[in-house]
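Secondary and tertiary structure notes
Each chain is listed here by its residues.
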Amino acid sequence: MFHFILRRVLQMMLILFLVSSAVFFMFKLVPGDVAAVRLGIEQTPEALAALRAQLGLDRPLIVQYLTWLGGLVRGDLGTSYVDGAPVFGIVASRFFITLELVLVITVLSALISIPVAVVAAQRKGTLVDSGIRTLSMVGYSLPTYWWAILLMLLFSVALGWLPAGGYVYPNRDFGRHLLHLILPTLAMVLILVAAQVRFLRASILDIIQLDYVRTARAKGLSSRRVLYKHVLRNSLAAFITVVGLNFATLIGGMVIIEQIFTWPGLGWLIITSILNRDFPVVQGAVLFVAAIFVSVNLAVDILYAALDPRIRYE
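The present account deals with the structure reproduced in this document. (Residues numbered from 1 in each chain as written. Predicted model: local features only at pLDDT ≥ 70, side-chain atom pairs only at ≥ 80, totals over all residues. Heavy atoms only, no water.)

1. Observations concerning the side chain of T98
For T98, the position within the fold is in helix α5 (residues 87-122). Residue T98 is classed as buried on the basis of its relative accessible area, which comes to 0%. Only 2.7 Å separates the side chain of T98 from the side chain of E258, close enough to count as a polar contact. (Helix = DSSP H or I, 4+ residues; strand = E, 2+ residues; numbered from the N terminus. Buried < 20%, exposed > 50% of the residue type's maximum accessible area, 1.4 Å probe, protein only. Polar contact = N/O pair within 3.5 Å; in protein donor to acceptor, adjacent residues only side chain to side chain.)

Below you can see the structure in the form of structure tokens.
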């Protein structure tokens, strides 16, 4: 196990290096001059040259890259072009706002998906199973922004129960913070539950047909014991992969939800930074998302061995 983890950590470092390099050079290919955009139409050649020197844009591209890479090794992601603040602090503060939302969505969707999938699998071919599969198909087929707008129109505009958007820091008003959390959570949970129920139901039905399940039943074990001790536990190994990948994807994929509900997280930060051509912040945010993604993949692989004793990493 130790050698497996060490090998994966080295792979993570290589992936992050390639991602950081690709992001750096990709934004350097974007047409236009950041300094000229910041100065606006009243720029002068002297002011433009001074700002380019201040931002380090007057140096050769390879020197800019090596400087940025050296700072990255030291944990320095650079400074924002807009306000001059450290990129790490900006990205970290927005990351925790997104992380809260993603954690709530992930946990709630998993808690709903597991019992619903078990009920559908136990009642395969019945009206209950057909209803669950139909609702799952409908939920999965409709786009996220459609659910978000529909929920906003229902609970905010028509009923007036929940705020349509915005963010309140929990240390200021925890009750209102929770109210603002409900709609974006529901919009994503509906999509995730629809997808996860279909996957887990299919996984349970596949495992039920295996020989060891029939053997357990032949020994006289109750259907409930066979389902929860033998079938569901083995089904959860694959289910954790889906949940883990969804969690990692949501960290960097909440752009639409955060825009609709004006949730000031990482996705909102990336959009506004691109519009402001604040490329150091965009680079830091993308690198943050890549690090989370590969870390979650490693954690999922390690959990495999804990859930399924047959899996060993040598």
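Picking up after the structure, the text goes on.
2. Side note on helix α8 (residues 174-208)
When the local axis directions of α8 are compared, the greatest deviation, roughly 30 degrees, occurs at I182, which is followed within four positions by the proline P184. For α8, the side-chain oxygen to backbone nitrogen distance between the N-cap and G175 is 3.3 Å, and the N-cap itself is D173. (Bend = angle between axes of the 7 residues up to and from the residue.)

3. Concerning the packing of helix α7 (residues 144-158) against α8
Where α7 meets α8, the axes come as close as 9 Å, and the angle between the chain directions of the two elements is 135 degrees. In terms of orientation, α7 lies oblique with respect to α8. In terms of crossing hand, the pair formed by α7 and α8 is right-handed. For the pair α7 and α8, contact is made by T144, W147, A148, L151, M152, F155 and S156 and by L183, L186, A187, M188, L190 and I191, respectively. Of the residues in the contact of α7 with α8, the class split is 11 nonpolar, 2 polar and no charged. (Axes fitted to C-alpha atoms, helices over the stretch in contact; angles between N-to-C directions. Parallel < 35°, antiparallel > 145°, perpendicular 65-115°, else oblique. Left-handed = near helix turned anticlockwise from the far one by under 90°. Contact = heavy atoms within 4.5 Å. Nonpolar A, V, L, I, M, F, W, Y, C, P; charged D, E, K, R; others polar.)

4. With respect to the environment of M188
Relative to the helices and strands, M188 is located in helix α8. Sequence-wise, M188 and A148 are 40 residues apart; in three dimensions their C-alpha atoms are separated by 8.1 Å.

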